[in-house]
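One-letter residues, chain by chain:
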Amino acid sequence: MERDDGAREAFLRGLRLGVPFGVVGLFLSASFGVLARQAGFSVAQAIVTAMIVFAGSAQFAALSVITVGGGIPAALTAGSLMNARFLAMGIALAPSLPGGPMKRAAQGQAVVDSSWALANRGDGTFDRWVLFGTTVPQYVTWSVGAVVGALFGDALGDTHRLGLDAIYPVFFLSLLLAELRNPNSRWVAVCGGLLALALMPISPPGVPILAASTVTLVGLVRRSK
């Protein structure tokens, strides 16, 4: 019973932590819905893409390729590069998930950037119930935002005029600042952030954040030794 109570408490705490990120996700997903419709997606395609992929950076990277006339393989490559950071995140998370490979893979579907960071206990382990709880409001608002953007995008007008293009940099910066407060991860966060910043002007989309994720993985391996 104590274990069940602890899991419930952690899940509810995750829900509370996830609400602010869910609000941000609502605007981001609405922006995606608008841009996807402008790029030629149908309403259903825009909504289903957002609900299935549930990865804003990958969605926007793929959409940017399609918008400039790129083919599906190039769009998928751009999206895959953006999501490749989840390989490092998944490797770090895996030991904290119970069950066999399939069960852990199913639980790993709840990983998004903010949930992964907030579930981190700071000692190399993760609270999976905080992870699940934090992701729930984000997925709900992400889905709602996609519907709003796809259906009512014409009423929103130019998303850049609304300043929605600034949300993503601020989002990732907030995660970086949270890690800087932790003395165990401070230098890894600094090195990863500086590397991503240095690569942005000279590398394709997705490569900077992938390189930064690799730095965090190296930091985790060194700390575990």
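The name given to the protein chain in an unreviewed UniProt entry is 4-azaleucine resistance probable transporter AzlC, with the source organism recorded as Nocardioides exalbidus. Under the Subcellular location (unreviewed entry) heading, UniProt states for the protein chain: "Cell membrane".

Caption draft 1: The arrangement of the overall build of the protein chain in detail. The secondary structure content of the protein chain amounts to 11 helices and zero strands. Tracing the protein chain from N to C terminus, the helices and strands come up as α-α-α-α-α-α-α-α-α-α-α. For the protein chain, the residues scored as buried account for 40% of the 225 residues in total. Intrachain contacts of the protein chain at a sequence separation of at least 6 include 70% that bridge at least 24 residues. Accessible surface for the protein chain amounts to roughly 12300 Å². Of this, 69% is attributable to carbon and sulfur atoms.

Caption draft 2: Structural context of the UniProt feature "transmembrane region" (unreviewed entry) in the protein chain. The feature "transmembrane region" (unreviewed entry), as annotated in UniProt, sits at residues 17–36, 43–66, 162–181 and 187–220 in this numbering. With 100% helix and 0% strand, the stretch residues 17–36 has end C-alpha atoms that lie 29 Å from each other.

Caption draft 3: Spatial organisation of unusual backbone geometry. Here the phi dihedral of phenylalanine 54 falls at roughly 45 degrees; this positive angle occurs in a residue that is not glycine. Secondary-structure assignment places phenylalanine 54 in the loop between helix H2 (43–53) and helix H3 (56–67).

Caption draft 4: Up close: the environment of arginine 8. Take arginine 8: it is sitting in helix H1 (residues 2–38). Spatially, the C-alpha atoms of arginine 8 and tryptophan 129 are 7.7 Å apart, while their sequence positions differ by 121 residues.

Caption draft 5: Structural detail: the nonpolar core. Formed by 14 residues in total, the largest nonpolar core has its most connected members in Phe32, Ala36, Phe41, Ala46, Ala50, Leu63 and Trp142. Taken together, the elements giving at least two residues each to this core come down to H1, H2, H3 and helix H8 (128–156). Those residues in contact with alanine 50 that lie beyond four places of it in its chain are Ser29, Phe32, Gln59, Trp142 and Ala146. The next biggest cluster of nonpolar side chains, apart from the first, holds 13 residues, and it includes Ala92, Ala110, Phe126 and Leu131.

Caption draft 6: Quick look at the environment of proline 73. Structurally, proline 73 can be placed in helix H4 (residues 72–83). The exposure class of proline 73 is exposed, given its relative accessible area of 61%. For proline 73 and alanine 62, which are 11 residues apart along the polypeptide, the C-alpha to C-alpha distance reads 9.5 Å.

Caption draft 7: Geometry of the pattern of salt bridges. For the coordinates displayed, the defined rule picks out one salt bridge. The partner of arginine 121 in a salt bridge is aspartate 127, and the shortest N-O contact between them spans 3.9 Å.

Caption draft 8: Layout of a nonpolar patch on the surface. A cluster of nonpolar residues, Val136, Val140, Val144, Val148, Leu151 and Phe152, forms a patch on the protein surface that exposes about 490 Å² of accessible area. Here leucine 151 is to be found in helix H8.

Caption draft 9: Examining the environment of leucine 195 more closely. Here leucine 195 is to be found in helix H10 (residues 186–199). Residues leucine 195 and proline 208, 13 residues apart in the sequence, show an inter-C-alpha distance of 7.1 Å. Residues contacting leucine 195, with those up to four places away along its chain left out, are Ala211, Ala212 and Val215.

Caption draft 10: Fine view of the packing of aromatic side chains. In total, this model carries four aromatic pairs according to the counting rule given. Each ring, one from tryptophan 116 and one from phenylalanine 126, has its centre 5.1 Å from the other, and the planes form 40 degrees; the classification is tilted. On the criterion of sequence distance, the pair formed by tryptophan 116 in helix H7 (residues 113–119) and phenylalanine 126 in the loop between H7 and H8 is long-range, its members being 10 residues apart. For the pair tryptophan 116 and phenylalanine 126, a shared accessibility class is recorded, and that class is buried. A network of ring pairs unites the aromatic residues Phe54, Tyr139 and Trp142 as a single cluster.

Rules behind the numbers
- Sequence order sets the numbering: in each chain, residues are counted from 1 along the sequence as written.
- Per-residue local features of the predicted model are confined to residues with pLDDT of at least 70, and side-chain atom pairs are confined, for both listing and counting, to 80 or more; whole-chain, interface and lining totals are unaffected and use all residues.
- In computing side-chain values, all of the structure's heavy atoms are included and hydrogens and water are not.
- UniProt positions are given in the numbering used here, feature names are shortened, and annotations may be inferred rather than shown by experiment.
- Each helix corresponds to a stretch of at least 4 residues labelled H or I by DSSP, and each strand to a stretch of at least 2 residues labelled E; elements are numbered beginning at the N terminus.
- Categorising residues by exposure relies on relative accessible area from a 1.4 Å probe, with only protein chains included: less than 20% of the type maximum marks a residue as buried, more than 50% marks it as exposed, and the intermediate range marks it as partly exposed.
- By definition in these notes, contact holds between two residues if any of their heavy atoms fall within 4.5 Å.
- What sets the accessible areas is the Shrake-Rupley method with a 1.4 Å probe; for residues, cover comes only from the shown protein chains.
- In this text, buried Ala, Val, Leu, Ile, Met, Phe, Trp, Tyr and Cys residues form a nonpolar core when linked through side-chain atoms within 4.5 Å.
- A side-chain nitrogen of Lys or Arg and a carboxyl oxygen of Asp or Glu constitute a salt bridge if their distance falls within 4 Å.
- Patches draw on residues past 30% relative accessible area with no salt bridge. Two like charges within 9 Å are joined, as are two nonpolar side chains (Val, Leu, Ile, Met, Phe, Trp, Tyr) within 5 Å.
- Pairing of aromatic rings covers Phe, Tyr and Trp, the last through its six-membered ring, and needs centres within 6.5 Å; plane angles under 30 degrees mean stacked, over 60 mean edge-to-face, and all others mean tilted.

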